[in-house]
Amino acid sequence: QVHLVESGGGLVQAGGSLRLSCAAFGSIAGINVMGWYRQAPGKQRDLVAEITSGGTTNYADSVKGRFTISRDNAKNTVYLQMNSLKPEDTAVYYCRVVDAPTNYWGQGTRVAVSS
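Not measured: the values here are computed from a predicted model.

The rules behind the values
- Residues numbered from 1 in each chain as written.
- Predicted model: local features only at pLDDT ≥ 70, side-chain atom pairs only at ≥ 80, totals over all residues.
- Heavy atoms only, no water.
- Helix = DSSP H or I, 4+ residues; strand = E, 2+ residues; numbered from the N terminus.
- Rg over C-alpha atoms; globule rule 2.2 N^0.38 Å.
- Buried < 20%, exposed > 50% of the residue type's maximum accessible area, 1.4 Å probe, protein only.
- Contact = heavy atoms within 4.5 Å.
- Areas by Shrake-Rupley, 256 points an atom, 1.4 Å probe, with all protein chains shown as cover.
- Pairing = 2+ DSSP bridges.
- Axes fitted to C-alpha atoms, helices over the stretch in contact; angles between N-to-C directions.

Secondary structure summary: the chain contains zero helices and 11 strands in total. By the compact-globule yardstick of 13 Å for 115 residues, the chain fits well, its C-alpha radius of gyration being 13 Å. For the C-alpha atoms alone, the extent of the chain along its principal axes is close to 45 × 25 × 20 Å. Put simply, the chain has 115 residues, and 43% of those count as buried. Long-range contacts, defined as pairs at least 24 residues apart, comprise 53% of the intrachain contacts of the chain with a sequence gap of at least 6. Total accessible area computed for the chain in this model is approximately 5,900 Å², and 47% of it derives from carbon and sulfur atoms.

Right under this line is the structure:
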């Protein structure tokens, strides 16, 4: 069993920055993909960014150039640096970790961007 601990959400003004962290604990066999998804009220949960153990990244078009995903494999931790935040970035952000063959999800951390 893997347990995820997220941190870093909050309220920020448009144009500001936040950094999310997600650390994985427990019986970890070998984490491949780590990523962040977000879900705004009334909308589906969508991919924000993900990163493989080898460092290959994938971003949603809406965050390219503003958000940066990174990971520390030794600490089983993934980060999301969010710059130039916009009101439309407001959502609950969820960490997702693939410790094959199982997907694990964090409890979510709320990000609110005021205009």
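We are not done yet, so read on.
The next thing to look at is the sheet that holds strand β1 (residues 2–7). Taken together, four strands build an open sheet; the order of strands is β1-β3-β8-β7 and the sheet is antiparallel. Both edges of this open sheet fall to β1 and β7 (67–72), since each of them pairs with a single strand only. Looking at each pair of strands side by side, their axes are set apart by 15° on average, direction ignored. Relative to strand β8 (residues 77–82), strand β3 (residues 18–26) is paired through six bridges, and the arrangement is antiparallel. In the sheet register, leucine 18 faces β8, and the bridge partner there is methionine 82.

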